[in-house]
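Results of the structural survey
Here is what each chain is made of, one letter per residue.
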Amino acid sequence: MELQKHYQEFESRGVEVLAISTDSLEDTAGIVERIGLQFPVLYNTEGNVPREYGIFNLYGDGLATGSAFLVDLDGNLAWKSIYSGIHDLITSADILAAIDEL
Amino acid sequence: MTTRSRALRVESEGSPSESVYVRAGIVAVIALAVVLAACGDTAAPAAPVAEAAPTATEAPVPPTATDTPAPPPAPTPQPTATQAPQPAATPTPPPAPARAAAVDFSLPSAQGPQYTLSSFAGQQPVVVVFYRAFW
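About the thresholds
Residues numbered from 1 in each chain as written. Chains lettered and ligands numbered in written order. Predicted model: local features only at pLDDT ≥ 70, side-chain atom pairs only at ≥ 80, totals over all residues. Helix = DSSP H or I, 4+ residues; strand = E, 2+ residues; numbered from the N terminus. Buried ≥ 20, exposed ≤ 12 C-beta atoms within 10 Å, placed from the backbone. Core = buried A, V, L, I, M, F, W, Y, C linked by C-beta atoms within 7 Å. Contact = placed C-beta atoms within 7 Å. Nonpolar A, V, L, I, M, F, W, Y, C, P; charged D, E, K, R; others polar. Pairing = 2+ DSSP bridges. Axes fitted to C-alpha atoms, helices over the stretch in contact; angles between N-to-C directions.

A few words on the overall build of chain B. Within chain B, the secondary structure is distributed over five helices and four strands. Ordered by position from N to C terminus, the α and β elements of chain B give α-α-α-α-α-β-β-β-β. Looking at the 135 residues of chain B, the share that counts as buried comes to 10%.

What follows concerns the environment of I90(A). Residue and element names in this part refer to chain A. For I90, the location among the structural elements is in the loop between β4 (76-82) and α4 (92-100). Exposure remark for I90: the 20 C-beta atoms within 10 Å place this residue in the buried category. Taking C-alpha positions, I90 is 7.6 Å from A68, a pair spaced 22 residues apart along the chain.

What follows concerns the nonpolar core. Core analysis: the biggest nonpolar cluster contains 32 residues, and A19(A), I20(A), V71(A), V127(B), V128(B) and V129(B) have the highest contact counts within it. Every element with two or more residues in this core is listed here: α1 (3-12), β1 (16-21), β2 (41-43) and β3 (67-71) of chain A together with β4 (126-130) of chain B. It is β4(B) that provides the largest number of residues to this core, a total of five residues. Excluding residues within four positions of it along the chain, V128(B) makes contact with L18(A), I20(A), F69(A) and V71(A).

Here we take up the interface of chain A and chain B. Accessible area lost when the parts come together is the quantity often used to give the size of an interface. If you look at the interface, chain A gives 49 residues, while chain B gives 28 residues. Looking at the side of chain A that touches chain B, the elements that each hand over two or more residues are α1, β1, α2 (25-35), β2, α3 (48-52), β3, β4 and α4 of chain A. When grouped by side-chain class, the residues that make up the side of chain A that touches chain B number 34 nonpolar, 10 polar and five charged. Note: β3(A) against β4(B), five bridges, orientation antiparallel. Opposite F69(A), over in β4(B), you have V128(B) as the bridge partner.

Sheet strands associate in pairs through backbone hydrogen bonding, adopting either a parallel or an antiparallel arrangement. Spatial ordering of the open sheet is given by β2(A)-β1(A)-β4(B)-β3(A)-β4(A)-β1(B), a layout of six strands whose pairing is mixed. The strands lining the two open edges of the sheet, one partner per strand, are β2 of chain A together with β1 (100-101) of chain B. Where β1(A) lies against β4(B), five bridges are found, and the strand directions are parallel. In the strand pairing of β4(B), L18(A) is matched with V128(B). Contacts from α4(A) reach β3 and β4 of chain A together with β4 of chain B, with the element oriented near 15 degrees to β3(A).

Limitation: the analysis is restricted to geometry and does not speak to function.
Below, the structure is given as structure tokens:
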């Protein structure tokens, strides 16, 4: 998910990107600093948020499954995409297309 | 002689009278024929007209009576019953899948600030991404 590369396209549409990691703060901060991510990367070590979104441990690896959720201006879920295989990676283009349909 | 003459006379009298009857009969037959012919001509045209009238009158009546009552009652209740549930079913699905409230969260970020999803409501849409391999 090449979010960093396309982040400006999200900004130009007035959409914020919130990434959520279940890694520790140290690991998450390290990734952010190393890659130079511009969008906020939240950490949720307890993993309760991915559980509440129904995408935790879908593949038995004890991790949050790669997924994207589009929340509209009213705070409602308008679109979502959940990773279902190596050939079905979520792309920024998919998310941007969903935003353009809001 | 007398008898014969009588007979002859009778014959002679009968002859003229017979011929008169015959002529009258012929006239009567002709007259009857003419009358019948006239009646026949009159009846012939009259029959078709009379038949045409009832046929035309009876023809429209049965179909109209059969078509009119049968279709209207059947289709009218069906569309009404079908349209009633459809409108109710159509508006129900759209709101359900499209607009379920997103689960709120408030988490610290690696960059420092705390972010609360609900604080973006009314401000801007948000893409919430769960990913870890590479950003």
